Amino acid sequence: MQVMALQISRIAARASVCVLSRIAFQAAANSPACARRGVNIACARPRRFSGSPASSGWRGVPVLTRCRSVAVLLGTVGVSAAAAAVLSSSAVCAMAARPPLNFDSDKSDWKEAKNKLLSMSLEERRKIYKTDYISLDQVPVWKHSGTTSAKPFYKANDELNQKISLFRGDITKLEIDAIANAANKTLLGGGGVDGAIHRGAGPLLRKECSTLGGCETGEAKITGAYCLPAKHVIHTVGPIAHGSVGETERQALRDCYNNCLHTATKNQLRTVAFPCISTGVYGYPPEQAVEVALKTVREYLEDNSAQLDRVIFCVFLKSDENLYNSQLPAYFPKDEFLKSKL
Ligand SMILES: NC(=O)c1ccc[n+]([C@H]2O[C@H](COP(=O)([O-])OP(=O)(O)OC[C@H]3O[C@@H](n4cnc5c(N)ncnc54)[C@H](O)[C@@H]3O)[C@@H](O)[C@H]2O)c1
């Protein structure tokens, strides 16, 4: 913003100097005094020759008055040029005096910080992370272990199988386009994965979240990720099940995965990671949640595979890792797996 102000002030200063000096010289050029001396002033607008140069000029105006008006004009030019110089130099000083943007302070402007981070190169961003990071090439594509009892629900599709990963670890370390957050309706942070994401991102995440007006169950809202290795956080609110799950809870959990994927592709994001939404404090039984998660992601990829490169199921608990390993072959079967079943 300062740069723009600086440029505008410079342009305005130059324009005023040019206009005023042109008027001043024009006045001087037309004065009979110049005509007598045969002075040819370059900036006077060339006119088609129509008789002697003295034929026009300030006929009937006293010489002293003419000199005074030219002096006033030139003085104005001088003053405006000086004012422009002062303005532009003070703007430059103001910019130079500004401390560097602190991405981990709630005193910083979250919009400015978010835009700055999104414009940075990967190397520059890596200096901002508050945590160590795991790049995408360190997250392998899921591979069948070969032994499973799960009956396949879909045809084998190797293109889709190449877009799925199962990763056990801390979602806040993943250096990808977006991580999903199992938030609550306030979007102002809490505990579990929500708390970890807010701690890793720093206070500007909460600052941006506070402008979103909360989030309904099943909805998804996107923000920057600030000091996290991910570029964005997609916040979603899972259903509170507390052990019992009906169609309402199933549909709400489906909506969480669908709306997060839709938010990602709408923002041209191609790599997304999900925690096990609702299976912690919200009490959704993990063995039921895994089926909703895999089915929803499979069906979204059937229709939108060109828009996504990787969907990572980021589990935290060993029990969840075992669940996903046992269920993945049914939702993402592979050819030789099917042949062996026939
Ligand atoms: N778990 C807590 O102690 C606690 C306390 C208050 C609020 N919350 C949060 O819980 C509510 C949402 O419940 P929820 O069951 O959807 O979420 P959750 O309680 O965070 O659990 C969701 C899943 O995320 C897993 N998880 C936890 N930390 C990480 C991590 N760093 N990386 C990857 N996965 C992780 C966790 O094991 C569980 O499988 C929200 O209010 C939110 O603020 C959690």
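Because the structure is a prediction, the values reported are computed rather than measured. (Residues numbered from 1 in each chain as written. Predicted model: local features only at pLDDT ≥ 70, side-chain atom pairs only at ≥ 80, totals over all residues. Heavy atoms only, no water.)

J.: Is there a simple way to explain helix α11 (residues 318-331) in this structure?
T.: Residues lying three or four places apart along an α-helix face the same way, a consequence of the helix completing one turn every 3.6 residues. Under the 1.5 Å per step criterion, the end-to-end length of α11 is 20 Å for 14 residues, consistent within 8% with the ideal 20 Å. At N325, α11 is deflected by roughly 25 degrees, the largest bend along its length, and proline P329 occurs up to four residues later in sequence. Every buried residue of α11 is listed here: D320, E321, L323, Y324, Q327, L328, P329, A330 and Y331. (Helix = DSSP H or I, 4+ residues; strand = E, 2+ residues; numbered from the N terminus. Expected span 1.5 Å × (residues − 1). Bend = angle between axes of the 7 residues up to and from the residue. Buried < 20%, exposed > 50% of the residue type's maximum accessible area, 1.4 Å probe, protein only.)

J.: Explain the nonpolar core here, please?
T.: Judged by nonpolar contacts, the single largest core of 41 residues is most densely connected at I164, F274, V297, F313, Y324, L328 and F332. Breaking this core down by element, the ones donating at least two residues are β2 (164-168), β4 (178-183), α9 (247-266), β7 (271-274), α10 (286-304), β8 (310-315) and α11. Ignoring sequence-local partners within four residues, the contact set of F332 consists of W142, H144, L160, N161, I164, L294, V297, R298 and L301. In terms of nonpolar packing, the next biggest core, distinct from the first, is built from 32 residues, A113, L117, I128 and Y282 among them. (Core = buried A, V, L, I, M, F, W, Y, C linked by side-chain atoms within 4.5 Å. Contact = heavy atoms within 4.5 Å.)

J.: What is the right way to look at the side chain of R310 in this model?
T.: Within the element layout of this structure, R310 appears in strand β8. D309 provides the closest opposite charge to the buried, salt-bridge-free R310, at an N-O distance of 8.1 Å. Each residue touching R310, except ones within four places of it in the same chain, is listed here: L136, V139, P140, V141, Q162, K163, I164, S165, R270, T271 and V272. (Lys, Arg positive; Asp, Glu negative; His and termini not counted. Salt bridge = Lys/Arg side-chain N within 4 Å of Asp/Glu carboxyl O.)

J.: How do you make sense of the packing of α9 against α10 when you look at a structure like this?
T.: Angle between the axes and distance between the axes are the two parameters that describe a pair of packed helices. Their axes nearest at 9 Å, the elements α9 and α10 cross at an angle of 40 degrees. Considering how the two elements wind past one another, α9 and α10 form a crossing that is right-handed. The segment α9 lies against α10, with R250, L253, R254, Y257, N258, L261, H262 and T265 engaging Q288, A289, V292, A293, T296, V297 and Y300. Here the residues of the contact of α9 with α10 sort into 8 nonpolar, 5 polar and 2 charged. (Axes fitted to C-alpha atoms, helices over the stretch in contact; angles between N-to-C directions. Left-handed = near helix turned anticlockwise from the far one by under 90°. Nonpolar A, V, L, I, M, F, W, Y, C, P; charged D, E, K, R; others polar.)

J.: It is not clear to me how the sheet that holds β7 should be interpreted in this structure. Could you clarify?
T.: The strands that make up a sheet pair up through hydrogen bonds in the backbone, lying either parallel or antiparallel. In space, the 6 strands of this open sheet follow the order β2-β8-β7-β4-β6-β5, with mixed pairing throughout. Single-partner strands in this sheet number two, and they are β2 and β5 (220-224). Put simply, the sheet's adjacent strands are angled 25 degrees from each other on average, direction ignored. With 6 bridges connecting them, β4 and strand β6 (residues 232-237) associate as parallel partners. Paired with A178 across the bridge in β6 is H232. On the sheet, α9 packs against β4, β5, β6, β7 and β8 and is oriented at approximately 155 degrees with respect to β6. Against the sheet, α11 engages β2 and β8, with an angle of about 160 degrees to β2. (Pairing = 2+ DSSP bridges.)

J.: Looking at this structure, how should I read the pairing of β4?
T.: Successive side chains on a regular strand alternate, one facing one side of the sheet and the next facing the other. When you tally the buried positions in β4, you get 5 out of 6 residues, the bulk of the element. Of the pairings in the sheet, the one linking β4 to β7 comprises 2 bridges and is parallel in character. Across the sheet, residue I179 finds its bridge partner in β7, namely A273.

J.: I keep staring at the state of the cysteines and nothing clicks. Help me out?
T.: Note: disulfide means a covalent bond formed between the sulfur atoms of two cysteine side chains. Using the criterion set out here, one finds 0 disulfides in the structure. Just so you know, C227 is unpaired, no disulfide at all, and the nearest cysteine sulfur is the one on C209, 14 Å from it. When its relative accessible area of 2% is taken as the criterion, C227 is described as buried. Not part of a disulfide, C260 finds its nearest cysteine sulfur in C256, a span of 6.5 Å. What makes C260 buried here is its relative accessible area of 0%. (Disulfide = S-S within 2.5 Å.)

J.: It is not clear to me how the side chain of N304 should be interpreted in this structure. Could you clarify?
T.: Within the secondary structure, N304 sits in helix α10. N304 sits in the buried class, given a relative accessible area of 18%. A distance of 2.9 Å separates a polar atom in the side chain of N304 from the backbone oxygen of Y300. (Polar contact = N/O pair within 3.5 Å; in protein donor to acceptor, adjacent residues only side chain to side chain.)

J.: Sorry if this is basic, but what is going on with the site of the ligand here?
T.: Near the ligand there are 21 residues, and of these D170, V193, D194, S278 and G280 occur at the shortest range. A distance of 3.0 Å separates an oxygen atom of the ligand from a polar backbone atom of V281. In the environment of the ligand, an oxygen atom lies 3.2 Å from a nitrogen or oxygen atom belonging to the backbone of Y282. Burial of the ligand by the surrounding chains reaches 81%, relative to a free accessible area of 790 Å². Secondary structure elements with two or more residues in the shell around the ligand: β4 and α7 (192-201). The biggest single contributor to the shell around the ligand is α7, with 4 residues. In the shell around the ligand, the residues fall into 10 nonpolar, 8 polar and 3 charged. (Near = heavy atom within 4 Å. Areas by Shrake-Rupley, 256 points an atom, 1.4 Å probe, with all protein chains shown as cover.)

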